[in-house]
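Residue-level structural notes
Here's the letter readout for the chains.
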Amino acid sequence: MTVRVGDAAQAPPFQRAALPLLEDSQLRKNVRHATGVIQRKRALVAGELSDWQQLRAAASAIKQQTLRHLDEYLLRFEAACVAAGGQVHWARDADEANAIVLALIRSQNASEVVKIKTMTSDETGLNRALEAGGVHPYETDLAELIVQMGEDRPSHIVVPALHKNRSQVREIFREKMGLPGLGDRPEDLTAAARSYLREKFLRVPVAVCGANFLLADTGGVCIVESEGNGRMCLTLPKTLIAIAGIEKVIPSFRDLEVFLQLLPRSATGERMNPYNSIWTGVREGDGPHQFHVVLLDNGRSGILADAEARQTLHCIRCGACLNACPVYRQTGGHAYGSTYAGPIGAILTPQLQQMRHSQSLPYASSLCGACYEVCPVKINIPEVLIHLRGRVVEQSGLSAEAIGMKAMAAVFSSARRLEAAQRLAQRGQWPWVTDGWIRSLPGMFAGWTAVRDLRAIPRQSFRQWWRERQHGR
Amino acid sequence: MAAEAKQQILARIREANERAVRGKETPVPRDYVHSGGLDAASREELFIERLREYDASVTVCASAGLASTIGVLLQDRGWKHVIMAAGFPAAALPFGFEFRQEAEVENSDLDACDAVITGCEVAIAVTGSIVLRHGVGLGQGTRRFTLLPDRHLCVVRAEQLVETVPEAFALLEPFTNDPLTTISGPSATADIEMTRIRGVHGPRFLEVVLVR
């Protein structure tokens, strides 16, 4: 089995990838503006609901309960979906999911598909797999269209093109849609996308979508969107293929009354997003003739096996933690090198890859806790980050740092050893001391003194002074 | 291979849960607000306010005046090619206009018409939402019926209006076999610089007639 999360396995460490992005002032301005707007709106509409905390507690408990019986809920969903005329497929990893989708498209003799925004398909690298198989995917979400035409990568799970401003979008559309006279007002750009895509909606026979929620009791699927491109894709083409992570299942239709209050307010700061579609299987005379759901594991069952970190799978992909994160707000999403950026990406990406790649991501945080506070399903992201840092250290075995830390632990755990070490250091420090300060240290300690000065170790420690005082000397 | 994938995923889930489930299972706390406390008049006020915040237009009328209200709206807006959803009560439509029937139109007609008229199943005041249930002959249209046109006129009766989201889902639960669409204002995007733009792919104009 080969788990893949976009190109995260090949991405450079966060701390290195972030450096050039921090120098891109246009990008930082775009990200700061967009995240600022959503954050303010979110705070306003979340604050409007007197029962916000009760809704969060309910959502968290529903997700916990679901994961506890995930096997049963998935089987229940499958049975109900099949009974309503849908077909369910199971994919262990990204390649298996892509192969299933490609085979389904080929069975319809289609060479094009329209796509609703699905981060899960970015995770599996579906577009590349389809192109390699001779099928052209058209992204239909405005932001995803911008990313696709700009040969770019998504930088936010809800607003994937938030790093681009209007004139950058205009340049992309001018070139790729062949519209040299296109203006740069958001209205002009949106209208261009509308007319470019409408013809595709009416012509292309297969659509690919993700899923916000799979309903175990009815076999229904719920898609949450704003533009209407989702409704187009799941209503007009003859065949519809949904690709969904196994954690997207919730026990019942009624649970939507909780999630559909939390998700729009957290994601875009709206009381409700323009459109939610909920449907079950296929319906004669309305919508596709064939409906498929591909249930994707791709490392999720591995996350489930970690008692401290399995809450990662509660995520409903609202993006609130990205907008709230002081690190994300500086670097934008590309530094994370993954489909999933920001605090949730920092815990989800390495875990999906069994901690074999993206080990730098748990360190891409100041642990300030803003992400936990805004999370609508109460994922304690800082706690998971620390837990994962522990796993990274465990994994890395005996590095110089680890040996050093072990030695430090031994020294600090005994008063006798501490004093002996202090005496040694006091005597040995002279080559680096000037006027009572240590301003630069050699070797692996250089990083410490690069940004701060240390007081030299004094001739007498507090403990020595105390002892002498007690003995009345 | 397909069956093997399913069995393997299920086995991995069971193994993981055996290893990592901690603590006793407790019931989901559902002490969030279920039903609202507003009287009918304030509920309608709230609904109207929320719809207008989404840039939807709202007209209020009495039940007896519905047909004439629709007539005035069509006249004012200059809408001539109007299509009614299958099962929408003909008595609610004004005289002197020609309405085409849902059953006789193609996608291209929906694309080109001035407006479509539907009823709805439930409406939610707090979120300014209308919910369509796409069953046969319910007067709420198929899914494409309210998607391809540029203007959607939706008749909401006061007795269909609830205050909260949980109240709406309680009413919808018996109908989960039918496709459901919740609509909150005209289609919109904020993908470019977080500027809200109306009407990307769905109707650009949502016209609600609230009948009390």
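On a predicted model such as this, the values are computed, not experimentally measured, just so you know. (Residues numbered from 1 in each chain as written. Chains lettered and ligands numbered in written order. Predicted model: local features only at pLDDT ≥ 70, side-chain atom pairs only at ≥ 80, totals over all residues. Heavy atoms only, no water.)

**Overview of the pattern of salt bridges**
Residues and elements named next belong to chain A. Going by this rule: Salt bridges are identified by distance alone: a Lys or Arg side-chain nitrogen within 4 Å of an Asp or Glu carboxyl oxygen. Helix and strand definitions here come from DSSP, where helices need a minimum of 4 consecutive H or I residues and strands a minimum of 2 consecutive E residues; each element is numbered from the N-terminal end. Note on exposure labels: buried denotes an accessible area under 20% of the residue type's maximum, exposed denotes more than 50%, and partly exposed covers the range between, all computed with a 1.4 Å probe on protein chains only.
By the definition in use, this model includes 45 salt bridges over all chains. Between E199 and R203 there is a salt bridge, and its shortest N-O distance comes to 2.5 Å. Within this pair, E199 and its partner R203 are both found in helix α10 (residues 186-203), separated by 4 residues, close to a single helical turn. Judged by relative accessible area, R203 falls into the partly exposed class, the value being 41%. When the shortest N-O distance is used, the salt bridge between E257 and R254 registers 3.1 Å. Among the residues examined, E257 registers a relative accessible area of 2% and is labelled buried. Note on R254: relative accessible area 25%, which makes it partly exposed. Three or more residues are tied together by salt bridges with common partners; here these are D7, D122, R128 and R153.

**Looking at helix α5 (residues 165-172) of chain B**
The test is simple: Directions are taken from the helix axis to each C-beta atom, and the arc is the one they span. A contact between two residues is defined here by any heavy atoms of the two lying within 4.5 Å.
Within α5(B) the residues assigned to the buried category are B:V165, B:P166, B:A168, B:F169 and B:L172. Down the axis of α5(B), the buried side of the element spans an arc of 155 degrees, and every buried residue falls inside it. Tucked inside the fold, the buried residues of α5(B) contact α12 (256-267) and β9 (275-280) of chain A together with β5 (122-124), β6 (129-133), β8 (161-162) and β9 (180-183) of chain B.

**Description of the pairing of strand β6 (residues 220-225) of chain A**
For a regular strand, side-chain orientation follows a simple rule: the groups alternate between the two sheet faces. All names here are of chain A. The cut-off we apply is this: Strands qualify as paired when DSSP identifies two bridges or more between them.
Counting buried positions over the 6 residues of β6 gives 6, a clear majority of the element. Examined bridge by bridge, strand β5 (residues 213-215) and β6 share 2 bridges and lie antiparallel to one another. From the neighbouring strand, F213 faces β6, where its bridge partner is C222. Joining the antiparallel neighbours β5 and β6 is a turn of 4 residues, in which G219 adopts a positive phi near 75 degrees. Bridge analysis of β6 against β9 gives 6 bridges, and the strand direction is antiparallel. Residue pairing across strands places E225 opposite Y275, the latter belonging to β9.

**Here we look at empty space enclosed by the protein**
Residue and element names in this part refer to chain A. Heads up, the condition is: Think of a 1 Å grid over the protein atoms and nothing else: a 1.4 Å probe that fits but is trapped marks a cavity, an open set flanked by protein within 12 Å on at least five of seven lines marks a pocket, and residues with an atom within 4 Å of a point count as lining. Grid points are joined across faces, edges and corners, and a volume is the space filled by probe spheres set on the points. We call Asp, Glu, Lys and Arg charged. Ala, Val, Leu, Ile, Met, Phe, Trp, Tyr, Cys and Pro are nonpolar, and the rest, Gly among them, are polar.
Evaluation of the coordinates by the stated rule reveals 3 cavities of 30 Å³ or more. Volume-wise, the largest cavity comes out at about 90 Å³. The wall of the largest cavity is formed by 13 residues, among which C315, C318, C321, C375 and P376 lie closest to the centre. Split by residue class, the lining of the largest cavity holds 11 nonpolar, 1 polar and 1 charged. Estimates place the volume of the second largest cavity at around 60 Å³. If you trace the second largest cavity, you find it lined by C325, P326, P343, S365, S366, L367, C368, G369, C371 and L385.

**Focus: the sheet that holds β5(B)**
We count it as follows: Comment: axis = line fitted to C-alpha atoms, over the contacting stretch for helices; angle = value between 0 and 180 degrees taken between N-to-C directions.
Within the open sheet, the 8 strands sit side by side as β8(A)-β5(A)-β6(A)-β9(A)-β9(B)-β6(B)-β5(B)-β8(B). Their pairing is mixed. Every other strand in the sheet has two partners, leaving β8 (249-250) of chain A together with β8 of chain B as the edge strands with one partner each. Relative to β9(B), β6(B) runs antiparallel, the two being bridged by 4 bridges. What sits directly across from B:R133, in β9(B), is B:L180. Its contacts with the sheet put α5(B) on β9 of chain A together with β5, β6, β8 and β9 of chain B, and the angle it makes with β5(B) is roughly 170 degrees.

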